[in-house]
Amino acid sequence: MLMRIGATVLIATGVLTLHATQAQQGVKRTDLQQHDLSIPGREVVQVRVDIAPDHSHPGEEIVYVIEGTLAYRLEGKPPVTLKAGEVLFIPAGTVHSARNVGSVNAAELATYIVEKGKPLVKPAK
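Residues numbered from 1 in each chain as written. Predicted model: local features only at pLDDT ≥ 70, side-chain atom pairs only at ≥ 80, totals over all residues. Heavy atoms only, no water.

### Examining the side chain of T111
Inspection of the secondary structure assignment puts T111 in strand 9 (residues 107–115). For T111, a relative accessible area of 16% puts it in the buried group. Engagement of the side chain of T111 in a polar contact is seen with the side chain of Q46, the distance being 3.0 Å. Setting aside anything within four residues of it in sequence, one finds T111 in contact with V44, V45, Q46, E60, E61 and I62. (Helix = DSSP H or I, 4+ residues; strand = E, 2+ residues; numbered from the N terminus. Buried < 20%, exposed > 50% of the residue type's maximum accessible area, 1.4 Å probe, protein only. Polar contact = N/O pair within 3.5 Å; in protein donor to acceptor, adjacent residues only side chain to side chain. Contact = heavy atoms within 4.5 Å.)

So this is what it looks like as structure tokens:
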């Protein structure tokens, strides 16, 4: 029981630290779900992302645009613009950013396939 409480505190601290860092960068992320996978050492994390600076992730990201129009820049690829209902796959470690290019709020649903215990977001250098 004490180990479970300790793990919960560590997870909560990590989430709060992540949210504090993102708030400083102008990012709003809303955690929706996080689950272990049948693949040892891997987990899935699903997040609503309202704004994102240049960054990367230690695993793949699958993007679904919930509302608005977002322009994505992925390192080594031409820019792509997505509207609500469209999707994008971002390979692990690819530095990328998204920018709202519409006249209304834009948001994405981001699903990450990542190694457990690694930070979800890595700022670009």
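From this point on, the discussion continues.
### A word on the pattern of salt bridges
For the coordinates displayed, the defined rule picks out 3 salt bridges. In this structure, D36 and K116 form a salt bridge, with 2.7 Å as the shortest nitrogen-oxygen distance. One end of the pair, D36, is in strand 1 (residues 29–36); the other, K116, is in the loop between strand 9 and strand 10 (122–123), and 80 residues separate them in sequence. On the basis of relative accessibility, which here comes to 39%, the residue K116 falls in the partly exposed class. (Salt bridge = Lys/Arg side-chain N within 4 Å of Asp/Glu carboxyl O.)

### A closer look at a nonpolar patch on the surface
The grouping of Y64, I66 and V87 at the surface amounts to a nonpolar patch, some 260 Å² of accessible area in total. On the basis of relative accessibility, which here comes to 36%, the residue Y64 falls in the partly exposed class. (Patch = residues over 30% accessible without salt bridge, like charges linked within 9 Å, V, L, I, M, F, W, Y side chains within 5 Å. Areas by Shrake-Rupley, 256 points an atom, 1.4 Å probe, with all protein chains shown as cover.)

### Points about the environment of V87
As for its position among the elements, V87 is in strand 7 (residues 87–90). What makes V87 exposed here is its relative accessible area of 56%. Spatially, the C-alpha atoms of V87 and E108 are 9.2 Å apart, while their sequence positions differ by 21 residues. If we skip the residues at most four places from it in the chain, V87 touches V63, Y64 and L82.

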